[in-house]
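Read off the chains here:
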Amino acid sequence: MEVGNQETKLKENHRAAVHGNAEDGDDNVAPVSATFLTAVEPVATDRVVLAIDLDCFYAQVEIVARPELEEKPVAVTQQHIIVTCNYVARKFGCRKLMNTADAVKSCPELILINGEDLTRYRAANELVHQAVRSVCGPSTRIEKLGLDEFFIDATHIVDETIKSKSYNYNFEGFVYPAMDQLSEGSTAEDVETERALMVGSQLASRLRSKILEDSELTCCAGVANNKMLAKLAANIHKPNSQTSLMPGIAGSYVSELPLRKLPGVGWKASYEFRQIFGEEVKTAGHLRSAYNLPQLENVLGSKKAAWLWDLARGEDRTEVKNTIATKIVSVEDSFKSAKTWEEVHNLTLKLCGELKDRLQIDAELHPGRRASTLRVVFRKAKRNRESRSTPFPDVEVNALQHAMIHVLKASGIAEPFHLTLLGVGACNFVNLIPQPGTSQLMDFFSRKPRTRAPECPICNRSLPGKSNADLNQHIDMCLEQS
Ligand code: DCP
Ligand code: MG
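Since the model is a prediction, treat every value here as computed from it, not as a measurement. (Residues numbered from 1 in each chain as written. Chains lettered and ligands numbered in written order. Predicted model: local features only at pLDDT ≥ 70, side-chain atom pairs only at ≥ 80, totals over all residues. Heavy atoms only, no water.)

Trainee: Explain the overall build of the chain here, please?
Mentor: On a plain count of helices and strands, the chain comes out with 17 helices and 14 strands. Considering the chain as a whole, with its 482 residues, one finds that 49% of them fall into the buried category. (Helix = DSSP H or I, 4+ residues; strand = E, 2+ residues; numbered from the N terminus. Buried < 20%, exposed > 50% of the residue type's maximum accessible area, 1.4 Å probe, protein only.)

Trainee: Help me understand the coordination of the magnesium ion (ligand 2) in this model?
Mentor: Tetrahedral coordination by four donors sets the ideal angle at the metal to 109.5 degrees; octahedral coordination by six donors sets it to 90 or 180 degrees. The magnesium ion (ligand 2) binds to the protein through Asp53 (OD), Leu54 (O) and Asp148 (OD), with metal-donor distances spanning 2.1 to 2.2 Å. Coordination at the magnesium ion (ligand 2) comes from 6 donor atoms whose angles at the metal span 83 to 174°, giving a geometry best classed as octahedral. Read in sequence order, the donor residues for the magnesium ion (ligand 2) give the motif D-L-x93-D. A residue pair is termed long-range when its members are at least 10 positions apart, and Asp53 in strand β1 (residues 49-54) and Asp148 in the loop between β6 (142-145) and β7 (149-153) qualify at 95 residues. Residue classification places Asp53 among the buried positions, given a relative accessible area of 18%. (Donors = N, O, S within 2.8 Å, 3.2 Å for Na, K, Ca; no water. Tetrahedral: all angles 85-135°; square planar, octahedral: opposite > 155°, others 65-115°.)

Trainee: What should I look at first to understand the sheet that holds strand β13 (residues 385-391) in this one?
Mentor: Neighbouring strands of a sheet are bound in pairs by backbone hydrogen bonds; such pairs are parallel or else antiparallel. Reading across from one edge, β11-β14-β12-β13 is the order of the 4 strands in this open sheet, with antiparallel pairing throughout. Each edge of the sheet is formed by a strand with only one pairing partner; in this case those strands are β11 (328-338) and β13. In this sheet, adjacent strand axes meet at a mean angle of 20° when their direction is disregarded. Of the strands in this sheet, β12 (369-380), β13 and β14 (419-431) are in contact with helix α15 (residues 397-410), which crosses β12 at around 45°. (Pairing = 2+ DSSP bridges. Axes fitted to C-alpha atoms, helices over the stretch in contact; angles between N-to-C directions. Contact = heavy atoms within 4.5 Å.)

Trainee: Explain the pairing of β11 here, please?
Mentor: Taken across its 11 residues, β11 has 8 buried, putting it largely inside the fold. As paired strands, β11 and β14 are joined by 8 bridges and run antiparallel to one another. The residue bridging Ile328 from the neighbouring strand is Cys427, located in β14.

Trainee: What should I look at first to understand the site of ligand 1 in this one?
Mentor: Around ligand 1, the surrounding shell holds 15 residues, and the nearest of these are Cys56, Thr84, Tyr87, Lys96 and Lys238. At 3.2 Å from an oxygen atom of ligand 1 is found a side-chain nitrogen or oxygen belonging to Asp53. Between Lys96 and ligand 1, the recorded distance is 2.8 Å, taken from a side-chain N or O atom to an oxygen atom. Coverage of ligand 1 by the protein amounts to 76% of the 550 Å² it exposes when considered alone. Listing elements by their share of the shell around ligand 1, those giving two or more residues are β1, α2 (57-65), β3 (81-85) and α3 (87-91). The residue makeup of the shell around ligand 1, split by class, is 7 nonpolar, 2 polar and 6 charged. (Near = heavy atom within 4 Å. Polar contact = N/O pair within 3.5 Å; in protein donor to acceptor, adjacent residues only side chain to side chain. Areas by Shrake-Rupley, 256 points an atom, 1.4 Å probe, with all protein chains shown as cover. Nonpolar A, V, L, I, M, F, W, Y, C, P; charged D, E, K, R; others polar.)

Trainee: Even after reading the chapter, I still don't get unusual backbone geometry, so can you show me in this structure?
Mentor: The peptide bond linking Tyr176 to Pro177 adopts the cis configuration, its omega dihedral lying at -5°. Secondary-structure assignment places Pro177 in the loop between β8 (174-176) and α7 (188-215). The residue after Lys238, namely Pro239, is reached through a cis peptide bond having omega -10°. Here Pro239 is to be found in the loop between α8 (227-234) and β10 (242-245). Unusually for a residue other than glycine, Cys56 sits at a positive phi of about 25°. Structurally, the position occupied by Cys56 is in the loop between β1 and α2.

Trainee: What am I meant to see in empty space enclosed by the protein here?
Mentor: The method is simple in principle: a probe with the dimensions of a water molecule rolls over the atoms, and the space it marks as empty is what remains. Scanning the entire structure with this criterion turns up 2 cavities of 30 Å³ or more. Considering only enclosed or pocket space, the largest cavity measures out at about 50 Å³ in volume. Contributing to the lining of the largest cavity are Ala51, Ile52, Asp53, Glu149, Phe150, Phe151, Lys231, Ala234 and Asn235. Looking at the lining of the largest cavity, the elements that each hand over two or more residues are β1, β7 and α8. Looking at the lining of the largest cavity, its residues break down into 5 nonpolar, 1 polar and 3 charged. (1 Å grid on protein atoms, 1.4 Å probe; cavity = no way out; pocket = protein on both sides within 12 Å on 5 of 7 lines; lining within 4 Å. Points joined across faces, edges and corners; volume = space filled by probe spheres on them.)

Trainee: Help me understand the environment of Asp357, please; the structure alone is not making it clear to me.
Mentor: Secondary-structure assignment places Asp357 in helix α14 (residues 341-365). Sequence spacing of Asp357 and Val395 is 38 residues, and the spatial spacing of their C-alpha atoms is 9.6 Å.

Trainee: Could you clarify how one ought to interpret the packing of aromatic side chains in this entry?
Mentor: One pass over the structure, following the stated rule, counts 8 aromatic pairs. Each residue in the set Phe57, Tyr58 and Tyr121 is aromatic and connected to the rest through ring pairs, giving one cluster. The ring of Phe151 is capped by Lys227, whose NZ or CZ atom sits 5.3 Å from the centre of that ring. Its guanidinium or amino end placed over the ring of Phe429, Arg369 lies 3.7 Å from that ring's centre, counting from NZ or CZ. (Phe/Tyr/Trp six-rings, centres within 6.5 Å; stacked < 30°, edge-to-face > 60°. Lys NZ or Arg CZ within 6 Å of the ring centre and 35° of its normal.)

Trainee: What is the right way to look at α2 in this model?
Mentor: Residues that lie three or four places apart on an α-helix share one face, since the helix turns once every 3.6 residues. In terms of residue burial, α2 counts as a mostly covered element, since 7 of its 9 residues are buried. Listing the buried residues of α2 in full gives Phe57, Tyr58, Ala59, Gln60, Val61, Glu62 and Ile63. At its buried positions, α2 is contacted by β1, β2 (74-78), β3, β5 (111-114) and α5 (119-136).

Trainee: When you look at the environment of Asp117 in this model, what are you seeing that I'm missing?
Mentor: Within the secondary structure, Asp117 is located in the loop between β5 and α5. Take Asp117: its relative accessible area is 28%, and that puts it in the partly exposed class. For the pair Asp117 and Asp333, spaced 216 residues apart in the sequence, the C-alpha separation amounts to 6.3 Å. Of note is the side chain of Asp117, whose polar atom sits 2.4 Å from the side chain of Thr119.

Trainee: How do you make sense of the state of the cysteines when you look at a structure like this?
Mentor: Covalent bonding between the sulfur atoms of two cysteines defines a disulfide. Throughout the structure, instances matching the rule amount to 0 disulfides. Just so you know, Cys56 is unpaired, no disulfide at all, and the nearest cysteine sulfur is the one on Cys85, 7.7 Å from it. Classification of Cys56 by relative accessible area gives buried; the value is 8%. (Disulfide = S-S within 2.5 Å.)

Trainee: In this structure, what is going on with the pattern of salt bridges? I would like to understand it.
Mentor: Where charged atoms from two side chains of opposite charge approach closely, those side chains can pair. One pass over the full model with this rule turns up 20 salt bridges. The salt bridge partner of Lys356 is Glu396, with a shortest N-O separation of 3.8 Å. In this pair, Lys356 sits in helix α14 while Glu396 sits in the loop between β13 and α15, placing the two residues 40 residues apart along the sequence. Classification of Glu396 as partly exposed rests on a relative accessible area of 43%. For Glu386, the salt bridge identified is with Arg388, shortest N-O distance 3.1 Å. (Salt bridge = Lys/Arg side-chain N within 4 Å of Asp/Glu carboxyl O.)

Next up, the structure:
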């Protein structure tokens, strides 16, 4: 289509693209109110950010593995809570982080699946990451947040697409708010911004199709001018949908949200805010009317005040940070009790087979890198998990298993024992393909003593001067927390 008379076309198509309403979605939709028509303090509009959030992630991964569960209410449990449930279960009143007993009370048919082993969720996350990367190309910044969320800075892709005029005059998915609720008299800048988001929505749609094709997982996407707004937009219509949030409305949209719904405000912070601001300050808008920035700084300190002030106005200057490759590829299994070496033999065989498979996926994702350390994790009875390291053997099931059993024996495990968890992971990856500005290849081949401080593969912190025992203890602590 010719790129001319764009304002009219954009508006027409924008209107046409708005289909459905809040009833299709979820309870996160803020009510459309008159304040939307008088949006103030427009947010910065020079970026296009996409947020991807997989639908009922752990439950979906389980259902993909067992398609016969698709139409049934399914919940994934960890200890006594359901960490998530599918949308069929949500119709019966089941909610994320609900006590399992309460969930079963609201839905007696609920199928419970233990979700304590994160291996498959991590593998699915990698698959999705790879799908996103394959659509966006190597130079796009993609940030992972947890296991099921991704931010993508799509600005340069959108710019290129607009330059090459290879886009349609259609928003994909929902647009928030509907065009006829926006104030009249759009400026040229508004039109530019809307067009950028429209092209972003087309990219989001391609991404969602590719994710579905590669992983069989559905997701929601948000398209907006910053990370925070994109994340909020992704939540407007759930599941399996996408929403573009218009910048003119963003400040007002955020105003209506309870403080607890602002990204990054957890229950602890919202409790603290209630104590500080009182019961009347419920929403971001209430906060903005009750406080200005200097007043907020007086009660929260400058750093926290600046963060909350921006959040409450829909401003988010934080960049999409490229998530670097996974630092540890691991598998683990917990069980009631393994008491004999024969049992351990069978368990380690299974784990090492899975590790080998995961390392094959990793090799496709990150060609040229190789693990230099094998970490073995175990838990004796109900004690804390412990871990030990050894140089990485060949990526062969037998070699991995041999190394694993050797480590277990060297750590003093002897029959009769009572193991309740075993895990094995590859970490401390080195690149066999030289990276610009690094001497990792030389380090690897010359096998000089390491002069670099060791790094924790979980939290990535550098730990200079730590003994091996301290290092192991630190990693154990991080593993526990993750
Ligand atoms: N999760 C967890 N513990 C928590 C919160 C979440 O283990 N306290 C896990 C289970 C979820 C996954 O993380 O499946 C992603 O969290 P989300 O909040 O995105 O929830 P879902 O993806 O399950 O559901 P939704 O469709 O609402 O995004
Ligand atoms: Mg999710």
